[in-house]
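# Descriptive structure summary
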Amino acid sequence: MTSGVFSAISDRGSGVFIAILVAAAVLIPASNLLLPPDSALHVPTHLVSLLGKYLCYAMLAVALDLVWGYCGILSLGHGAFFALGGYAMGMYLMRQIGPRGVYANPILPDFMVFLNWKELPWFWQGFDMFPFALLMVLVVPSLLAFVFGWLAFRSRVTGVYLSIITQAMTYALLLAFFRNDMGFGGNNGLTDFKDILGFNLQADGTRMTLFALTALGLVLCYWISRVLVTSTFGKVLIAIRDAESRTRFIGYRVEHYKLVAFTVSAAMAGLAGALYVPQVGIINPSEFAPGNSIEAVIWVAVGGRGTLIGAALGALIVNFLKTTFTTGALAPYWLFMLGGLFIATTLFLPKGVVGGAKAFWEKRKTTKAAAETAPAAE
């Protein structure tokens, strides 16, 4: 694992990627807060919030790439972990509203007062404290992933069957969270947030801080993933992806490796959801929709499965296109375009943008080296 840490730090591509994210975490908020609105370099607040949303999706993509790209687990339920992290943060934000809600109840959120709830449910206890909420952001998705993974991997469920049950899991959660008696706001979800840690969520300074934290959060998730995949643990994951039965025959406890990767990935997805909610201002059951998890798979495929950087880049590219083409006359055709993008990537760029570029560069270097050595051989 120690060698993996140094490899993750010294890798040139990783260094550039991390440097870009750190620079964005500093320069973009600075351009918003320090430069006048009429400046050409000023980044508007709404654009910063949109970029923050993209970075949250990039975190989810990196988390998914860890299990799909390196372990061969095609999860169609990672949107559930993202949504659970978002709900945990949303519960904290709802508790911060206090008497400022529509019904001015200092304890119960407005939707509970409207539904005639008399007391706060036990599972809402503690969410008035930020450290506890942050802990739940990581623990709840991780616990679900651990239990689900322990049952599935122990039973040696693999391939398309595993993908189907992960999708069934997120769909079951979608149906559950739609119910008003679940205590999570029903189909309206949680919204009307006021502040976080005492800071107004609508203030530019708060939004810039959230953006910076999201960029640094992506750095953290990428670095953790990079450390894992460049270590001995990561080599075993790749062996499981490429030849699971052989890896098991050699003597490795395949289910243990899968379980660790799946649980860590779920925690990162939960963190992405937690950073997403205060920036968009709402969390509702639609985040559990299976289509969201499938879309995350497309992000990873477009960017490059098994590259981490490609997964993040794919999330940024696809969501930029989504923002561009879901407004105006092309809006009704976005899903067709998304499907076409996935098919085109599968046919013409099976390794994704980053994987394809890397293969092209290596082929070019090989051809150049062969051309240089040919005269010498003569």
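Preceding this paragraph is the structure being described.
To start, this report covers the structure provided alongside it. (Residues numbered from 1 in each chain as written. Predicted model: local features only at pLDDT ≥ 70, side-chain atom pairs only at ≥ 80, totals over all residues. Heavy atoms only, no water.)

Moving on: the overall build of the chain. Scanning the chain for helices and strands turns up 15 helices and four strands. Relative to a compact globule of 378 residues, whose C-alpha radius of gyration would be 21 Å, the chain shows 22 Å and is just as compact. Projected onto its principal axes, the C-alpha coordinates of the chain cover approximately 90 × 60 × 45 Å. Contacts in the chain between residues at least 24 apart in sequence constitute 77% of all its contacts with a sequence separation of at least 6. Summed over all atoms, the accessible surface of the chain reaches about 18,500 Å², with 68% contributed by carbon and sulfur. Here the chain contributes 25 positive and 18 negative side-chain charges, whose respective centroids are spaced 8 Å apart. (Helix = DSSP H or I, 4+ residues; strand = E, 2+ residues; numbered from the N terminus. Rg over C-alpha atoms; globule rule 2.2 N^0.38 Å. Contact = heavy atoms within 4.5 Å. Areas by Shrake-Rupley, 256 points an atom, 1.4 Å probe, with all protein chains shown as cover. Lys, Arg positive; Asp, Glu negative; His and termini not counted. Charge placed at Lys NZ, Arg CZ, Asp CG, Glu CD.)

Let us look at the pattern of salt bridges. Opposite charge on two side chains permits pairing when their charged atoms draw close. For the structure on display, the rule yields nine salt bridges. When the shortest N-O distance is used, the salt bridge between Lys194 and Asp192 registers 3.4 Å. Here Asp192 falls in the partly exposed class, since its relative accessible area comes to 37%. For Glu244, the salt bridge identified is with Arg248, shortest N-O distance 2.9 Å. Of this pair, Glu244 and Arg248 both sit in helix α10 (residues 244-250), separated by four residues, roughly a single helical turn. Each of Glu244, Arg248, Arg253, Glu255 and Lys258 takes part in one network of salt bridges that share partners. (Salt bridge = Lys/Arg side-chain N within 4 Å of Asp/Glu carboxyl O. Buried < 20%, exposed > 50% of the residue type's maximum accessible area, 1.4 Å probe, protein only.)

Right, let's talk about the side chain of His42 for a bit. One can find His42 in the loop between α2 (12-34) and α3 (45-68). A relative accessible area of 18% means that His42 is categorised as buried. Of note is the side chain of His42, whose polar atom sits 3.2 Å from the backbone oxygen of Ser31. (Polar contact = N/O pair within 3.5 Å; in protein donor to acceptor, adjacent residues only side chain to side chain.)

Applying the stated criterion to the full structure yields zero disulfides. A disulfide-free cysteine, Cys221 has its sulfur positioned 10.0 Å from the sulfur of Cys56, the nearest such atom. A relative accessible area of 2% means that Cys221 is categorised as buried. (Disulfide = S-S within 2.5 Å.)

Attention shifts here to the environment of Thr346. Locating Thr346 in the fold gives a position in helix α14 (residues 334-348). Polar side-chain contacts of Thr346 include one of 2.8 Å to the backbone oxygen of Phe342.

Attention now goes to the packing of aromatic side chains. Throughout the structure, instances matching the rule amount to 20 aromatic pairs. Pairwise contacts between aromatic rings join Tyr87, Trp122, Phe123, Phe177, Phe184 and Phe288 into one cluster. (Phe/Tyr/Trp six-rings, centres within 6.5 Å; stacked < 30°, edge-to-face > 60°.)

Take the nonpolar core next. Ranked by size, the top nonpolar core spans 105 residues in total, and within it Leu190 and Phe288 carry the most contacts. Element by element, the count of residues in this core is highest for α3, at 14 residues. What Phe288 contacts, discounting residues up to four positions off in sequence, is Ala80, Ala83, Leu84, Tyr87, Thr170, Leu173, Leu174 and Phe177. (Core = buried A, V, L, I, M, F, W, Y, C linked by side-chain atoms within 4.5 Å.)

Taking 1.5 Å as the rise per residue, helix α13 (residues 309-325) with 17 residues should run 24 Å; its terminal C-alpha atoms sit 24 Å apart, in good agreement. Listed in full, the buried residues belonging to α13 are Gly310, Ala311, Ala312, Gly314, Ala315, Val318 and Asn319. (Expected span 1.5 Å × (residues − 1).)

This brings us to the environment of Thr247. With respect to the helices and strands, the residue Thr247 is situated in helix α10. Put simply, Thr247 and Tyr333 are 86 residues apart on the chain and 44 Å apart in space, counted from C-alpha to C-alpha. Among residues more than four places away in sequence, those in contact with Thr247 are Val236, Ala239, Ile240, Tyr252 and Val254.

Two elements in contact, α3 and helix α12 (residues 290-303), have axes separated by 9 Å at closest approach and are oriented at 75°. With respect to each other, α3 and α12 are oriented roughly perpendicular. Every residue of α12 that contacts α3 at Tyr57, Leu60, Ala61, Leu64, Asp65 and Trp68 is listed here: Ala296, Val297, Trp299, Val300 and Ala301. Of the residues in the contact of α3 with α12, the class split is ten nonpolar, no polar and one charged. (Axes fitted to C-alpha atoms, helices over the stretch in contact; angles between N-to-C directions. Parallel < 35°, antiparallel > 145°, perpendicular 65-115°, else oblique. Nonpolar A, V, L, I, M, F, W, Y, C, P; charged D, E, K, R; others polar.)

When two helices pack together, their arrangement is captured by the angle between the axes and the distance separating the axes. Orientation of α12 relative to α14, taken along the N-to-C sense of each, is 40°, at an axis distance of 10 Å. For the element pair α12 / α14, the angle class is oblique. The handedness of the crossing between α12 and α14 is left-handed. Facing α12, whose interface residues are Glu295, Ile298, Ala301 and Val302, α14 presents Leu338, Leu341, Phe342 and Thr345. Taken together, the residues that form the contact of α12 with α14 break down as six nonpolar, one polar and one charged. (Left-handed = near helix turned anticlockwise from the far one by under 90°.)

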